[in-house]
Amino acid sequence: MANSKYEYVKSFEQSDALLPHTWIVIRVDGRGFTRFAQVHGFQKPNDEQALHLMNECATAVLEDIPDICFGYGVSDEYSFVLRKNSTLFQRRASKLVSIVVSLFSATYVMKWGRYFPGTEMQYAPSFDGRAVCYPSDTILRDYLSWRQVDCHVNNQYNTCYWSLVHSGCSPAEAQNVIKGTLADFKNELLHTRFGINYNDLPAIFRKGSLVFKRKDENIVKVENGVPIKRQKTMVVVSHEDLIKDSFWKENPSILGSAN
Ligand code: DGT
Ligand code: MG
Ligand code: MG
Ligand code: MG
Ligand code: MG
């Protein structure tokens, strides 16, 4: 097609291609979810259904975008890791972020009814997004560890705070009891005052959610008594420790170059 005299306007577009051969993390975070959680009656401090809905959205992202090899979610946020060697959308930040954010948001609305049957969505939720490059496996793992430590610290604080408030403390009293205290004090408080053993709380609250692909052998049919197996790649959600080496040793393909 011949160039029109208007074509020159394309020269105003700026390149936002991200650095090659680096891990790209795209993090989405619910906009104003303090209010969204209130309006929709989320349980405090953790609403398990809301977290499962976030995990369903993350699963949709991993299923739709093969170059995303891992996701980690806590509270109203999810981090997605794009493979180091990916050339998806020429690694353009605006393309990558906007596609992940819109797919995530659309899935959140589409699947809402499955997790909150009978609760009508009062207004459309939105998510912000950003992309950051991490140049080495170690730094990528430090990033993910940072998010999981954050999950733990916030959950411990929030569990103490809401146990105190539910037992009759005012918000200010509850804050005063736990302000500036160490982890051991909080665990002790939960144990002695509320009979809660912190480590017995659901792992989804303490560890957040990991989403990744795993190859499983499925028996598809049995022929003459012989099981016929097929390898199938499944997106799985787990709530384990990602800070320790063991998780990455047990799942070498996540950061490996094999896929
Ligand atoms: P932002 O991200 O700057 O637009 O503002 P927010 O309000 O989304 O704040 P953020 O992202 O720093 O913190 C997440 C908020 O969402 C926090 O106030 C607690 C709320 N939230 C997240 N998950 C749950 C939940 O499971 N239950 C309840 N009750 N609240 C939750
Ligand atoms: Mg924020
Ligand atoms: Mg938020
Ligand atoms: Mg947040
Ligand atoms: Mg188009």
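Scroll up a little and you will see the structure.
All figures in this text were calculated on a predicted structure; none of them were measured in a lab.

Asker: Can you walk me through the overall build of the chain in this structure?
Answerer: Check the secondary structure of the chain and you find 8 helices and 6 strands. The linear arrangement of helices and strands in the chain, starting from the amino end, is β-α-α-β-β-α-β-α-α-α-α-β-β-α. Referenced to the eigenvectors of the C-alpha coordinate spread, the extents of the chain come out at roughly 75 × 65 × 40 Å. Across the 259 residues in the chain, those meeting the buried criterion constitute 40%. Counting 30 positive and 28 negative side-chain charges, the chain places the centres of these two groups 4 Å from one another.

Asker: Looking at this structure, how should I read unusual backbone geometry?
Answerer: Phi is mostly negative for residues that are not glycine, and the peptide bonds are mostly trans. Residue lysine 44 is joined to proline 45 through a cis peptide bond whose omega torsion reads -5°. Along the chain, the position of proline 45 falls in the loop between α1 (33–39) and α2 (48–64). One non-glycine residue with positive phi stands out, namely glutamine 90, at about 50°. By secondary structure assignment, the location of glutamine 90 is in the loop between β3 (77–82) and α3 (93–115). Residue glutamine 90 is classed as exposed on the basis of its relative accessible area of 57%.

Asker: Teacher, can you tell me more about the site of ligand 1 here?
Answerer: Around ligand 1 sit 15 residues in total, of which Asp29, Gly32, Phe33, Thr34 and Asp47 are the nearest. Within the backbone of glycine 30, a nitrogen or oxygen atom sits 3.0 Å from an oxygen atom of ligand 1. Within the side chain of threonine 34, a nitrogen or oxygen atom sits 2.4 Å from an oxygen atom of ligand 1. Taken together, the elements giving at least two residues each to the shell around ligand 1 come down to β1 (23–30) and α1.

Asker: It is not clear to me how the pattern of salt bridges should be interpreted in this structure. Could you clarify?
Answerer: Charged atoms that come close allow side chains of opposite charge to pair. Within the structure shown, the criterion is met by 9 salt bridges. Between arginine 141 and aspartate 245 there is a salt bridge, and its shortest N-O distance comes to 2.7 Å. With arginine 141 in helix α4 (residues 137–166) and aspartate 245 in helix α8 (residues 245–250), this pair connects stretches of sequence that are 104 residues apart. A network of salt bridges, in which partner residues are shared, links Glu56, Lys111 and Arg114.

Asker: I'm lost on the coordination of the magnesium ion (ligand 3) in this one. Help?
Answerer: Ideal values for angles at a metal depend on the geometry: 109.5 degrees with four tetrahedral donors, 90 or 180 degrees with six octahedral donors. Taken together, Asp29 (OD), Gly30 (O) and Asp76 (OD) make up the protein donors of the magnesium ion (ligand 3), found 2.0 to 2.1 Å from the metal. Sequence positions of the residues that donate to the magnesium ion (ligand 3) give the spacing D-G-x45-D. Between the two metal centres, the magnesium ion (ligand 3) and the magnesium ion (ligand 2), the spacing is 4.6 Å. Separated by 47 residues along the polypeptide, aspartate 29 in strand β1 and aspartate 76 in the loop between β2 (68–74) and β3 bring together distant segments of the chain.

Asker: What should I look at first to understand the coordination of the magnesium ion (ligand 4) in this one?
Answerer: Coordination of the magnesium ion (ligand 4) by the protein comes from Asp29 (OD) and Asp76 (OD), over a distance range of 2.1 to 2.3 Å. A distance of 5.0 Å spans the gap from the magnesium ion (ligand 4) to the magnesium ion (ligand 2).

Asker: Sorry if this is basic, but what is going on with the nonpolar core here?
Answerer: One broad rule of soluble globular proteins: the nonpolar side chains tend to lie buried together. Within the largest apolar cluster, 33 residues are counted, with the highest numbers of intra-cluster contacts made by Phe80, Phe104 and Tyr108. Elements that contribute at least two residues to this core include exactly β1, α1, α2, β3 and α3. The greatest single-element share of this core, amounting to 9 residues, is contributed by α3. Other than its neighbours up to four places away in sequence, phenylalanine 80 contacts Ile24, Val25, Ile26, Val28, Ala58, Val61, Leu62, Ile68, Phe70, Gly71, Val100 and Phe104. If you look at the next biggest cluster of nonpolar residues, it comprises 20 residues, including Cys69, Tyr134, Cys151 and Phe212.

Rules used in this analysis
Residues numbered from 1 in each chain as written. Chains lettered and ligands numbered in written order. Predicted model: local features only at pLDDT ≥ 70, side-chain atom pairs only at ≥ 80, totals over all residues. Heavy atoms only, no water. Helix = DSSP H or I, 4+ residues; strand = E, 2+ residues; numbered from the N terminus. Buried < 20%, exposed > 50% of the residue type's maximum accessible area, 1.4 Å probe, protein only. Lys, Arg positive; Asp, Glu negative; His and termini not counted. Charge placed at Lys NZ, Arg CZ, Asp CG, Glu CD. Near = heavy atom within 4 Å. Polar contact = N/O pair within 3.5 Å; in protein donor to acceptor, adjacent residues only side chain to side chain. Salt bridge = Lys/Arg side-chain N within 4 Å of Asp/Glu carboxyl O. Donors = N, O, S within 2.8 Å, 3.2 Å for Na, K, Ca; no water. Core = buried A, V, L, I, M, F, W, Y, C linked by side-chain atoms within 4.5 Å. Contact = heavy atoms within 4.5 Å.

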